[in-house]
Amino acid sequence: MKLKLISSLLLLFIGFSAFANAHTVTTKKAAVEEAVGTLTGTVTDKTDGKPVIGATVSIPDLHTGAITDVNGKYVLNHVPRGVYLVQVSYLGYATFNQKVDLSKTSVFDVKLQASSLEAGEVVVTGVSKATEIKRSPVPMVAVGKTYLEQRAASGNIIDQIANLPGVSAVTTGPNISKPFIHGLGYNRVITLQDGIRQEGQQWGDEHGIEVDQNSIDRVEIIKGPASLTYGSDAIGGVVNLITPAPVPEGKILGSVQGIYGTNQGLLNGSFRLQGNQNGLVWGTVISAKEAKNYQNQQDGRVYATGYQEKDARVMVGLNKSWGYSYFHASVFDDKQDIPDGSRDSLTRQFTKQISEDGATAIVPESELNTYRIPTLHQRVQLYRIYNNSNFILGNGNLLVNLGYQLSHRREYTHPEYGDIPGLNLHLHTYTYDIKYNFNIGNDYETTFGVNGQYGKNTIDGATDFPIPAYHQFDIGPFFVIKKSFGKLDLSAGARFDSRSFTGNAAYVDTIGGPHGFPQLYTGPNPATAPNVASQFDALSKTFTGFSGSFGATYNVSDQFLVKANLARGFRAPSIAELSANGPDPGSQIYHVGDKNFKPEFSFQQDIGAFLTLPNISASVELFNNEISNYIFQQQELNPDGSPVITQGYNTFTYVQSKARIYGGEVNVDLHPLPWLHFENSLSLTYGENKGNGGPVADSLKYLPFIPPLHTHSELRGNFNGGFGDFKNLYVFVGFDHYSAQNRFFAAYGTETATAGYNLLSAGFGGNIVNKAGQPVLKLFIEGTNLANVNYQSNMSRLKYFGNPTAPDGINHGIFNMGRNISFKVVVPFGFNTGKKSS
């Protein structure tokens, strides 16, 4: 019924489009013309007519931009003909967005209106062309460089966005965070970098997103099914991490930054350099960070939560009248401690494993308060090469995104043989995304495309084997049509996906490896060889599914609009869900899959209303997501209620059921004075297990890892004009309330109730400028959990780490980080090359 509803709306919209197109005059001369070449203009204050100095003028679809000079003038070179959205922004002014026909316009002047509201955000994720968020029916949110810079206390890029309404994270300490959107995460949320999907064993709990947070200037998030444009695994949404945009032509700009965090002794340094010379653009970011074990009042220093990370990336490309093409290469290298929460039964001090038979010893203070990585740790490396290209072709744009990634993940779990990895996974992934954007008839923005990936995973050189070696191939053709009818914006699309797995059979020699450890058996006659056991059966599976969406935005006035969207999502089971049969030491779990799983399908309904007035902005967004064949993990128990232990780990099996996830967000931002902001948000998500027919027991009726009610309030003062040599000053105080989570998956001891808690934060910062008004130093200070509250988040996996039983009156598991104050200093520099093109 739901599929028929979306199909009927799609057919209705396409039929209407064809009817309108038949009445449009399309007899145009097919002449080949050169690009206009340049777009110039002046940006002034609408009230007094004075030039706005330092405003950013950009064309997001072309990855090009300029900064206005002392006279408010700008120049954009190498602009092609066609209609593109031009964006002009500056602190203290309302962002200006307007589509401009560059084949007819070479001079474009803009008057900015002073405003205390942050509005006019433009996104490029999941849309045919750059689109204002307010005009897209799909629920989205975006944050820029300023927002990210002021979250100096976050240990990774996902933590920096985890406070946004509808967004959360499952964490394993301060450097490991998996994004969750409306209660869905892992293989249900795709993480992109510059539009290239990231592949790094997302099913795993114990490692985060392999991206250098210092290299990200912008994040765009689709809050809901994005299978239409990104295929399987985007059933819950998309997080697009966007690296720095090219600098203005004729400039070389860079910065050196350092961050220190008091709780972990975090040291985070980064160097950035970018240039643009006659359309030849390039850039590099080099970073390194390390931290000790974090601490709180309840646990003291939490053993095995430190890390060391090194990152590097380079980009080189061209911006010309034919479009752009950028080549990127990056390396991510993270050494991360592996916590297990084990403690001495008498002193409650943390212990560490010191022998292969499981013997432990109390961790001395010298090891708790050190940057040194212990013997038991994991190393996650991601090597990436990719290309983003946009070619002006005919009356449209051909976008080509191609990528290769090697994810190498090792977990060193043998205390007496620290050089032998317990887990050793190599995942090679080739991704492709090709689409053509063009207008049909009377401005029907249309996209036809195909995207997918090919992956190959190997598992040799290890002693633990949670998943098999396998090959994977995805392909999905799709189309999207968008049209504005006055105040009404409509968008619709459809897609067909196919995902194929070929898993290799595997046998394990249980004692034949070095020092008697297990190893893969590659000899003859495995069924009869001594000490050889079957680990994985051969697997050959193909999953197919249809996705679609239909949405509308109605602009009642310039101040008020309403949105609605219907979307059907598709997700094929992951290789772990199908084939897992082994321990994953970092997650402290023995995983068991099921090869008979069916693909997930979702049907989500979104509706929202948005109000923007001079001194107040408000929004209400509601969603309802019904998922068939929902896959999740539950713990296995013995008849006496104790956990089933397999090879030393708690056993979790994947199961499948119907599910419903629903909730919403409310935002109210008050601006009683131009410099004063009072921002408030509320997020609520419910997750229900609907079973497979028949009644569902109370212990089974809720889904795992559903965030509780969360409210965030922030009183902020922005002083853009500053005082003397101090500009762009800000100060804020924040308050977060997390309600108790009593709706949890209680069956089999999988989850427990979580108490509510309140957190206080604050921060301030600004720029020191020279006589020319250019910043010479930027300072950002942020304090989190300032009241030093002892709390456990239900989204923290460490809540369940520890000895199987705890003494009476002692909380099980590990508590979250205590008070932390971070100091971030950025020293920018730059100069003109003096070689601007004419």
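Structure's up top.
Cut-offs and rules
Residues numbered from 1 in each chain as written. Predicted model: local features only at pLDDT ≥ 70, side-chain atom pairs only at ≥ 80, totals over all residues. Heavy atoms only, no water. Helix = DSSP H or I, 4+ residues; strand = E, 2+ residues; numbered from the N terminus. Rg over C-alpha atoms; globule rule 2.2 N^0.38 Å. Buried < 20%, exposed > 50% of the residue type's maximum accessible area, 1.4 Å probe, protein only. Contact = heavy atoms within 4.5 Å. Areas by Shrake-Rupley, 256 points an atom, 1.4 Å probe, with all protein chains shown as cover. Lys, Arg positive; Asp, Glu negative; His and termini not counted. Charge placed at Lys NZ, Arg CZ, Asp CG, Glu CD. Phe/Tyr/Trp six-rings, centres within 6.5 Å; stacked < 30°, edge-to-face > 60°. Lys NZ or Arg CZ within 6 Å of the ring centre and 35° of its normal. Pairing = 2+ DSSP bridges. Patch = residues over 30% accessible without salt bridge, like charges linked within 9 Å, V, L, I, M, F, W, Y side chains within 5 Å. Salt bridge = Lys/Arg side-chain N within 4 Å of Asp/Glu carboxyl O. Axes fitted to C-alpha atoms, helices over the stretch in contact; angles between N-to-C directions. Core = buried A, V, L, I, M, F, W, Y, C linked by side-chain atoms within 4.5 Å. 1 Å grid on protein atoms, 1.4 Å probe; cavity = no way out; pocket = protein on both sides within 12 Å on 5 of 7 lines; lining within 4 Å. Points joined across faces, edges and corners; volume = space filled by probe spheres on them. Nonpolar A, V, L, I, M, F, W, Y, C, P; charged D, E, K, R; others polar.

**Q** Got a sec to walk through the overall build of the chain? Specific residues and values, please.
**A** In terms of regular secondary structure, the chain is built from 6 helices and 48 strands. Taking 28 Å as the expected radius of gyration for a compact globule of 838 residues, we find that the chain reaches 27 Å, a close match to that expectation. For the chain, the C-alpha atoms occupy an extent of roughly 80 × 60 × 50 Å along the three principal directions. By the burial criterion, 57% of the 838 residues in the chain qualify as buried. Contacts in the chain between residues far apart in sequence, at least 24 positions, make up 67% of those at least 6 positions apart. A total accessible area of about 33,800 Å² is found for the chain, and carbon and sulfur atoms account for 58% of it. In the chain, 66 positive and 70 negative side-chain charges are present, and the distance between their average locations comes to 7 Å.

**Q** Describe the environment of Pro708, listing the residues and the values that go with them.
**A** With respect to the helices, strands and loops of the structure, Pro708 is situated in the loop between β43 (676–691) and β44 (710–719). You can call Pro708 buried: its relative accessible area is 11%.

**Q** Just give me the short version of the packing of aromatic side chains, but keep the residues and values in it.
**A** This structure, assessed with the given rule, holds 25 aromatic pairs. Between the aromatic rings of Tyr730 and Phe732, the centroid separation amounts to 6.4 Å while the plane-to-plane angle is 10°, which identifies the pairing as stacked. Both residues of the pair, Tyr730 and Phe732, count as buried. Sitting over the ring of Tyr147, Arg151 keeps its end group 3.7 Å from the ring centre. Of note, Lys483 hangs over the ring of Phe485, and the distance from its end group to the ring centre comes to 5.6 Å.

**Q** Tell me about the sheet that holds strand β13 (residues 189–193), and please be specific about residues and values.
**A** The sheet built from 5 strands is open, its strands ordered β10-β15-β16-β13-β14 with mixed pairing. Edge positions in the sheet fall to β10 (140–143) and β14 (196–197), since each of these pairs with one other strand and no more. Pairing of β13 with strand β16 (residues 237–242) involves 5 bridges; the strand directions are parallel. For Gln193, the partnering residue across the bridge sits in β16 and is Leu241.

**Q** Residues and numbers for the pairing of strand β40 (residues 616–635), please.
**A** Across 13 bridges, the pairing between strand β39 (residues 600–613) and β40 is antiparallel. Paired with Ala609 across the two strands is Val620, which belongs to β40. Here β39 folds back onto β40, and the loop between the two strands holds 2 residues. Bridge count for β40 against strand β42 (residues 649–673) is 18 bridges, and the pairing is antiparallel. Each bridged residue has a counterpart across the sheet, and for Glu626 the counterpart in β42 is Arg660.

**Q** Please give an account of the pairing of strand β22 (residues 307–320) that cites residues and values.
**A** Alternating residues of β22 divide into Tyr307, Glu309, Asp311, Arg313, Met315, Gly317 and Asn319, all buried, and Gln308, Lys310, Ala312, Val314, Val316, Leu318 and Lys320, none buried. In this structure, strand β19 (residues 280–291) lies alongside β22, joined through 12 bridges in antiparallel fashion. Paired with Gly283 across the two strands is Met315, which belongs to β22. As paired strands, β22 and strand β23 (residues 323–337) are joined by 14 bridges and run antiparallel to one another. In the strand pairing of β23, Asn319 is matched with Tyr324. The turn joining β22 and β23, which pair antiparallel and follow one another in sequence, is formed by 2 residues.

**Q** How would you summarise a nonpolar patch on the surface if you had to cite specific residues and measurements?
**A** Judged by side-chain polarity, Val256, Phe271, Ile286, Val825, Val827 and Phe829 come together as a nonpolar surface patch covering roughly 430 Å² of accessible area. Per element, the largest residue contribution to the nonpolar patch is 3 residues, and it comes from strand β48 (residues 820–832). Looking at the secondary structure, you find Phe271 in strand β18 (residues 266–277). Taking relative accessible area as the criterion, Phe271 reaches 31% and is therefore assigned partly exposed.

**Q** Before we move on, could you go through the sheet that holds strand β5 (residues 83–89) and cite the residues and values that matter?
**A** Spatial strand order, β3-β2-β5-β6: 4 strands in an open sheet with antiparallel pairing. The sheet is open, and its two edges are formed by β3 (64–67) and β6 (96–101), each paired on a single side. In this sheet, neighbouring strand axes are inclined to one another by 20° on average, regardless of whether the strands run parallel or antiparallel. Here strand β2 (residues 56–59) pairs with β3 via 4 bridges, running antiparallel.

**Q** Before we move on, could you go through the nonpolar core and cite the residues and values that matter?
**A** Counting 26 residues, the largest nonpolar core has Ile467 and Phe501 as its most contacted members. Secondary-structure elements contributing two or more residues to this core are β28 (423–440), β32 (506–509), β35 (539–555) and α6 (575–579). Sequence-distant contacts of Ile467, that is, excluding residues within four places in its chain, are made with Gln201, Trp203, Leu425, Asn457, Ile459, Phe536, Ile575 and Ala576.

**Q** Got a sec to walk through empty space enclosed by the protein? Specific residues and values, please.
**A** Under the counting rule described, the total for this entry stands at 11 cavities of 30 Å³ or more. Considering the residues around the largest cavity, the lining is formed by 33 residues, among which Gly126, Val138, Leu228, Thr229 and Ser491 are closest to the centre. Going through the elements one at a time, α4 (227–230), β28, β30 (470–485), β35 and β36 (560–571) are the ones with two or more residues in the lining of the largest cavity. Class assignment for the residues of the lining of the largest cavity results in 13 nonpolar, 15 polar and 5 charged.

**Q** Any chance you could break down the pattern of salt bridges for me, citing the residues and the numbers?
**A** The final tally for this structure, using the stated rule, is 27 salt bridges. Between Asp497 and Arg495 there is a salt bridge whose closest N-O contact spans 2.7 Å. A relative accessible area of 3% places Arg495 in the buried class. Shared partners join several salt bridges into a network, and the residues in it are Arg197, Glu199, Asp233, Asp474 and Arg499.

By themselves, these observations are geometric and do not establish any function.
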